[in-house]
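Observations on the three-dimensional arrangement
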Amino acid sequence: MTEKEKTTPVVSVGADTEQSILKQTNNSITDFNEFDKGLDNYLEEMQKEFLQQLDSSHLKTISMRELYNTVYQSKPPLIYGLLYPGTYIFAGAPKLGKSFLMAQLAYHISTGTSLWNFDVKKGTVLYLALEDDYRRLQERLYRMFGTDGAENLFFSVSAGQLGNGLDEQLTRFMQEHSDTKLIIIDTLQKVREVGGDNYSYANDYEIITRLKKFADSYGITLLLVHHTRKQKADDTFDMISGTNGLLGAADGGFILRKEKRTSNSATLEVSGRDQPDQKIYLSRNPKTLVWELERTETELWKLPPEPLLENIAGKITNENPEWYGSPTELVEFLGADMKANALTMKLNINAGRLFNEYGISYQNKRFHDGRKVSLTYEQRDDM
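So, here is what we can say about the structure in this document. (Residues numbered from 1 in each chain as written. Predicted model: local features only at pLDDT ≥ 70, side-chain atom pairs only at ≥ 80, totals over all residues. Heavy atoms only, no water.)

**Let's talk about empty space enclosed by the protein**
The test is simple: The method works on a 1 Å grid over the protein atoms by themselves. A cavity is a set of points holding a 1.4 Å probe that cannot get out, a pocket is an open set with protein on both sides within 12 Å along at least five of seven lines, and residues with an atom within 4 Å of a point line them. Grid points are joined across faces, edges and corners, and a volume is the space filled by probe spheres set on the points. By the convention adopted, Pro, Cys, Tyr, Trp, Phe, Met, Ile, Leu, Val and Ala count as nonpolar, Lys, Arg, Asp and Glu as charged, and the other residues, Gly among them, as polar.
For the structure shown, the criterion picks out one cavity of 30 Å³ or more. Quantified by volume, the largest cavity comes out at close to 50 Å³. Taken together, Ile79, Leu82, Leu83, Phe90, Leu101, Leu105, Trp116, Leu223, Phe254 and Leu268 form the lining of the largest cavity. In terms of residue class, the lining of the largest cavity is made up of 10 nonpolar, no polar and no charged.

**Quick notes on the sheet that holds strand β1 (residues 86-92)**
We apply this condition: For two strands to be treated as a pair, DSSP must find no fewer than two bridges joining them. Here a helix means four or more residues in a row that DSSP labels H or I, a strand means two or more in a row labelled E, and each is numbered from the N terminus. Orientation is described by lines fitted to C-alpha atoms, with helices fitted over the stretch in contact, and by angles between N-to-C directions that extend from 0 to 180 degrees. Whether two residues are in contact is decided by their heavy atoms, any of which lying within 4.5 Å being enough.
The mixed open sheet is built from nine strands, whose spatial order is β3-β2-β4-β5-β1-β6-β7-β8-β9. If you trace the sheet from one side to the other, it starts and ends with β3 (153-156) and β9 (291-296), each paired once. With strand direction ignored, the average angle separating the axes of adjacent strands in the sheet is 20°. Note that strand β7 (residues 265-272) and strand β8 (residues 278-284) share six bridges and pair antiparallel. When the sheet's bridge partners are listed, leucine 268 is paired in β8 with isoleucine 280. Packed onto the sheet, helix α6 (residues 166-176) meets β2 (124-129), β3 and β4 (180-186) and runs at close to 155° relative to β2.

**What about the environment of threonine 298?**
In plain terms, the rule: Any residue under 20% of the maximum accessible area for its type is buried, any over 50% is exposed, and the rest in between are partly exposed; the area is computed with a 1.4 Å probe on protein chains only.
Checked against the element boundaries, threonine 298 lands in the loop between β9 and α9 (307-315). Note on threonine 298: relative accessible area 43%, which makes it partly exposed. Remark: the alpha-carbon pair of threonine 298 and aspartate 277, spanning 21 residues in sequence, is separated by 9.5 Å.

**A look at the pattern of salt bridges**
Working definition: two side chains of opposite charge can pair if their charged atoms are close together. Definition in use: Salt bridge, as used here: a side-chain nitrogen of Lys or Arg that lies within 4 Å of a carboxyl oxygen of Asp or Glu.
Applying the stated criterion across every chain, the model contains 12 salt bridges. A network of salt bridges, in which partner residues are shared, links Lys212, Asp216, Asp251 and Arg273.

**Observations regarding unusual backbone geometry**
Omega for the peptide link from aspartate 186 to threonine 187 comes to 15°, which places this bond in the cis form. Structurally, threonine 187 can be placed in the loop between β4 and α7 (201-218). Here the phi dihedral of tryptophan 116 falls at roughly 55°; this positive angle occurs in a residue that is not glycine. Locating tryptophan 116 in the fold gives a position in the loop between α4 (98-111) and β2. Overall, the relative accessible area of 17% leaves tryptophan 116 in the buried class.

**So, the sheet that holds strand β10 (residues 322-325)**
In space, the three strands of this open sheet follow the order β10-β12-β11, with antiparallel pairing throughout. The sheet is open, and its two borders are formed by β10 and β11 (360-367), each paired with just one other strand. Going from strand to strand, the sheet's axes swing by 10° on average, the running direction of each strand aside. With four bridges joining them, β10 and strand β12 (residues 370-377) adopt antiparallel strand pairing. Considered in β12, the bridge of glycine 325 is made with valine 373.

Put into structure tokens, the structure is as follows:
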């Protein structure tokens, strides 16, 4: 290297300096214009969507690609493999032990203790025992659970009817107890609005739809205790009293049956949108009157392992609880052998499972400068 090459050039205060500044300014203006363009496009899309929503003739649709690009809020099960957020009919013949099983569900959820072979998510429970009084409730609960009480299990033996006080009462309770996970109405007939004895399909469907709208708005589970008909049917769920509108509008149903009324053995059949059909064999403890598990007809079904979620769980931990970046950067972070859009779509669909099984919250949001992904490890109190 020559002495001339080693020497730092002296920059004069003149054209060279001004030219250098001009270059920098031009680059900044270009970047700024691109930023502005991206922001304008983003705002234009948002305005277009807003105007469409105001147009009553516009039918809101979503493409399959948009569906895959959306992360929907996770709805973790209340009793894993058995009971999920939503509205369910719980039916059985009168004096069969439904209320004892309802008390059992309420107690286990309020304390967070496992029920039979099922893990339970802890939360506040409201039990409307509308065919009981407090003395009978006290005796029943003491016989079943002894003196172990639960601070977040609430009872009421009186309530309004739909359209006549119940809606406001339930809303008020949710406002006062925001951690509520389950509301049991025992029985449905007690809260049907005046004139609700008209058992038409439309009437039954409308009643459940109304209650379901409430449950879905708060993301809770609503159990509606109901009776079965005396007539037998090929399909067990056709025995639910009323029309098919009840089960048709609900998220699922439970049927408690005994072959002989004097027997302590019973079957609990389960059918729902979010779980496979099951048949559970129970026996009633003659001393405590608690329902105990004898066996299940099939093994509790579980999703097969997903390597992508296991990979994330190995990297997002209590010691390394957060990650944020673009989809392309996420591919590099995970060392995944797939394209960025395929990776995020797969995570969009499995976001609920990632949280339920590993306690990792996943977000995928669109900004004016592109999509950003976040992974956050959250300590859960239900496991």
